[in-house]
Amino acid sequence: MTERAHAAHAEGETGVWSGSWVAERLGVELAGDEALTGLLGLALRRNPKRAHLLVSNVLGKHVPQSPSVVYGHGVALGRRVRELLGAEAAEGAVVLGYAETATGLGHSVADGLGSAPYLHSTRRAVAGVARAGGFEESHSHATSHLLLPQDPALLAGEGPLVLVDDEFSTGNTVLNTIRALHERYPRKRYVVVALVDMRSPADAGRLDAFAGEIGARVDLVTTASGTVRLPLGVLEKGQELVARYEAPPVDPATAPTTEARTDATTERTTEATSEPATGPTDGSPGAASPGSVERVELRWPHDVPDGGRHGFTAADRDRLESALPGMAARIADALPARARRVLVLGFEELMYAPLRLAQALEQAVGDDVEVRYSTTTRSPVLAVDDPGYAIRTRLVFPAHDDPADGPGERYAYNVAGAGFDAVIAVVDSAADTPALHAPDGLAARLAAHVPHVLLAVVPSYVPHASPAPQAPERPPMLPEPLRGPAFSSYAPDEVGWLLQDLSDVTLEAPTEEREEAIQSGGAHYAESLPVEYQPSEQYQELFHAALESSAARLARAVGAVTEVVLTERSPRPVLVSLARAGTPVGVLMRRWARFRHGLDLPHYAVSIVRGRGIDANALRWLADHHDPADVVFVDGWTGKGAITRELAAALRDFEVSDGVTGFDPEIAVLADPGSCVRTYGTRDDFLIPSACLNSTVSGLISRTVLRADLVGPHDFHGAKFYRELVGADLSPAFLDAVSARFPDVTESVDAHVKELLSADRTPTWEGWAAVERISEEYGIHDVNLVKPGVGETTRVMLRRVPWKVLARAGAGADLDHVRLLAEQRGVPVEEVADLPYTCVGLIHPQYTRGATGADGKAVTL
């Protein structure tokens, strides 16, 4: 195939549908509007257990396209929304786009709507900017969204909220967003906008039902609609197909390209890493030298934001429109004289600025130069060099913007071999880092395939500092901590619970009912409690055996993390455990400090809820009674690091809302297998017996509850004290068994602490990267359903509806209790070589009670 033909295919100009390759091999069908095949192609996720991926031809993400076509689709949708709302309502509307894929589309919709201000969600936390909200995206490889408007009033109006995404597939993301925002900023009307509506018939009615539930009108505006028909066995066929076309590892010293040929055909999987800028496209060595990399100064207006991360107003739009012709002229002047085909390449969430620059350049150069537009992405996709496949080649390079979720691979699709004479890479200044210019960075990857690379840097917009909003009114005195024996089976000096007692409230629901409500978006996991697991005699025997065999190891980890805290954090720390898994660890750390140093450290337990943050009233109580700088937050272990990130974000919000500084977000944990923190006793993933049970090893306290009808704005989060389980309580026995080993491990603790204090303990976030990979490989596409490590896997088995357990090949007695629980619940245990954790628990994806038997046992998807 010539480069010109390759480029034409990427834009759908060859007459071959870019989904035919997948459709023919998997039997996947797009049913619906005739426009669907023009809007969408098909590709495969680059893993063995995902059947298909819809690839937009008009979004400007994976497929280079004319910027006028990309922008035109968004503007046209915005005009339709204006017609739907009417001129008066449209004037009061606010547009919200989704990161990363729909940030540019949302901007374009706002332009078509008229004078509406625009905000997009972001996965990049920004220091000093308080969150106005956040939500989870159920089907993405990267899920957590933040809303960071410079003006908090942007979302507080009563006018229509227009939510823009590229694809409306199940409705879960939209429901999650509307639910989260409606609780805080209720309004009467929402409009959902997408290029394509691909909901299944089962999902089609959920939006109307949800609108009735919240008492608001919710409309849907799309360019085309349909559904994806998947034949039986499509996952197995997909697994076989991906394995067949998966590129083998390549030694970069000997092979410039990764490819795989099969069945004597010319189809291939292409991962272009260092292929020459010109020359053969079949992977044979070429003679051309890498292209040049030069900067072009845009002279971006200092008073125009780089996008909608913090809000983008009609005035911002007017200033940008005035500056675009001059910036486009400077780009045109920097292009080589013979350039006839040019790509403007945006960067992840930075889609609108490159799009408008590309559109202005297209107008400036006229018919003499063919301008195309696409952006880099986080999404991993298999590349196959075939006219009927949507992703022909991919460039792989490391992240270069210091992302909050840690390092990882990034991708640019359909750029290599596409016949571009020049690429203008547009990044914001936060991403103009040494990693961008490294030998394996984006600039070098582009230069290996394109003769001329121009780098245009847009200054990252930093909102102006504004006075912190007034703290909400609250009673002058918050209640004193709850203590045993009135609340919990711990001694009163062991821990004070900054919680309210909800023991008399019925909060338990069957596991299957809770799972269905949580995954459907109908409830948050913290609004109810699972029925407490009552262990069998065999399971209790396993607990006691595990405690006996691991008590010394636990004591060593307790001593090590406590000594690190005393050395690095505070000589008299205030231990604040994250209830409830952190509380037994906090008690043990307090006991070690008394045993070794004669210290009587204060210890409290507080609630933190994923997606909702830490209990702000508990923080206020702590700030009133202690120096926040002395507070050390304690947890049992890290999994993928979600709570670590949740705490850091919540403390930033609290600093803005209350003006209280000094709380350190660094969590101290017994075990850090996810490599998410610096303060830990060990990074081994081993069995912590307190993870084996629920309340009966945690002072008979339930997990925490946060529900609006029970927890008011001036209340602590709630929890229950299961007094009726006192006969089965093992909490004191667990603590005493570990504490009894303190004298035996003193010397080894001292040696281990010296090693820790001299080691590089910088978090690598390996756990999060592994979870993202597992989520994709097993077709789950929601990191919240992947629970890594022995402790988190045990929680899955006790509280959720498990699908399967992944166990590291050769894992020993640490998994005996997991294997027993799996046997009891009918959950398959799959051994996996080179698993980064001892085990990983997978929650049943897309769960409904109809997907299991009456006993809730696992099924095979």
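Here's what I pulled together on the structure shown here. What you see is a predicted model; the values in this text were computed from it and never measured. (Residues numbered from 1 in each chain as written. Predicted model: local features only at pLDDT ≥ 70, side-chain atom pairs only at ≥ 80, totals over all residues. Heavy atoms only, no water.)

Topic: helix 19 (residues 642-658)
Argument step 1. Taking 1.5 Å per residue as the helical rise, helix 19 with its 17 residues ought to reach 24 Å, and the 24 Å between its terminal C-alpha atoms agrees with that figure.
Argument step 2. Taken together, the buried positions of helix 19 are A642, T644, E646, L647, A648, A649, A650, L651, D653, F654 and D658.
Argument step 3. The inward-facing, buried residues of helix 19 contact strand 26 (608-609), strand 27 (613-614), helix 18 (616-625), strand 28 (631-637) and helix 22 (766-777).
Argument step 4. Positioned one or two residues after helix 19, G659 has a phi angle of 70 degrees, which is positive. (Helix = DSSP H or I, 4+ residues; strand = E, 2+ residues; numbered from the N terminus. Expected span 1.5 Å × (residues − 1). Buried < 20%, exposed > 50% of the residue type's maximum accessible area, 1.4 Å probe, protein only. Contact = heavy atoms within 4.5 Å.)

A closer look at the sheet that holds strand 18 (residues 422-428)
Argument step 1. The sheet built from 5 strands is open, its strands ordered 13-19-18-14-15 with parallel pairing. Only two strands of the sheet have a single partner each, and these edge strands are strand 13 (292-295) and strand 15 (370-376). Going from strand to strand, the sheet's axes swing by 25 degrees on average, the running direction of each strand aside.
Argument step 2. Two elements, strand 13 and strand 19 (residues 452-458), share 4 bridges in a ladder whose sense is parallel. Residue R295 lies in a different strand from strand 19, and its bridge partner there is L455.
Argument step 3. Seen against the sheet, helix 12 (residues 352-365) touches strand 14 (341-347), strand 15 and strand 18 and runs at an angle of roughly 170 degrees to strand 15. (Pairing = 2+ DSSP bridges. Axes fitted to C-alpha atoms, helices over the stretch in contact; angles between N-to-C directions.)

A short note on the nonpolar core
Among soluble globular proteins, nonpolar side chains are generally buried collectively.
Argument step 1. Core analysis: the largest hydrophobic core is formed by 137 residues, its most contacted members being V162 and I424.
Argument step 2. Considering each element in turn, this core owes the most residues, 8 residues, to helix 12.
Argument step 3. Here V162 is in contact with V81, A93, V94, V95, L96, V109, L113, V191 and V193, once residues within four sequence places are set aside.
Argument step 4. Judged by nonpolar contacts, the second largest core, of 103 residues, contains L498, V565, L575 and F734. (Core = buried A, V, L, I, M, F, W, Y, C linked by side-chain atoms within 4.5 Å.)

Focus on helix 12
One turn of an α-helix holds 3.6 residues; hence residues three or four places apart share an orientation.
Argument step 1. Counted at 1.5 Å a residue, the expected span for helix 12 with its 14 residues is 20 Å, and the 20 Å between its end C-alpha atoms agrees.
Argument step 2. In terms of residue burial, helix 12 counts as a mostly covered element, since 12 of its 14 residues are buried.
Argument step 3. Along helix 12, the positions that sit buried rather than exposed are Y352, A353, P354, L355, R356, L357, A358, Q359, A360, L361, E362 and V365.
Argument step 4. Elements in contact with the buried residues of helix 12: helix 4 (67-85), helix 6 (103-113), helix 11 (314-334), strand 14, strand 15 and strand 18.
Argument step 5. A positive phi of about 65 degrees marks G366, the residue just after helix 12.

Points about the pairing of strand 29 (residues 668-671)
Argument step 1. Pairing of strand 28 with strand 29 involves 3 bridges; the strand directions are parallel. The residue bridging D635 from the neighbouring strand is V669, located in strand 29.
Argument step 2. Read from strand 28 through helix 19 to strand 29, the crossover connection turns out right-handed.
Argument step 3. The sheet contact formed by strand 29 and strand 30 (residues 679-682) spans 3 bridges and is parallel. Bridge assignment links V669 to a residue of strand 30, and that residue is Y680. (Right-handed = clockwise from strand over helix to strand, strands pointing away.)

Details of the packing of helix 4 against helix 12
Argument step 1. Here helix 4 crosses helix 12 at 125 degrees, and the two axes come no closer than 8 Å. With respect to helix 12, the axis of helix 4 lies oblique. Helix 4 and helix 12 meet at a crossing whose hand is left-handed. For the pair formed by helix 4 and helix 12, the contact residues are P67, S68, V70 and Y71 on the first element and Y352, L355, R356, A358, Q359 and E362 on the second.
Argument step 2. Partitioned by chemical class, the residues of the contact of helix 4 with helix 12 number 6 nonpolar, 2 polar and 2 charged. (Parallel < 35°, antiparallel > 145°, perpendicular 65-115°, else oblique. Left-handed = near helix turned anticlockwise from the far one by under 90°. Nonpolar A, V, L, I, M, F, W, Y, C, P; charged D, E, K, R; others polar.)

As for the sheet that holds strand 32 (residues 786-788)
Argument step 1. With mixed pairing, 4 strands are arranged side by side in an open sheet as 32-35-33-34. For this open sheet the edge positions go to strand 32 and strand 34 (829-832), each flanked by a neighbour on one side alone. The mean inter-strand angle of the sheet, taken between neighbouring strand axes irrespective of direction, is 20 degrees.
Argument step 2. In the sheet, strand 33 (residues 802-808) pairs with strand 34 via 4 bridges, with the strands oriented parallel. Within strand 34, the residue paired with A807 across the bridge is E831.
Argument step 3. Packed on one face of the sheet, helix 22 meets strand 32, strand 33 and strand 35 (839-843) and runs near 140 degrees to strand 32.

Observations regarding the side chain of H717
Argument step 1. Tracing the backbone shows H717 in the loop between strand 30 and strand 31 (718-719).
Argument step 2. Among the residues examined, H717 registers a relative accessible area of 6% and is labelled buried.
Argument step 3. Setting aside residues up to four positions removed in sequence, H717 forms contacts with L499, Q500, S607, V609, G613, I614, D615, V705, L706 and V711.

Without other data, these values stay purely geometric and don't point to any function.
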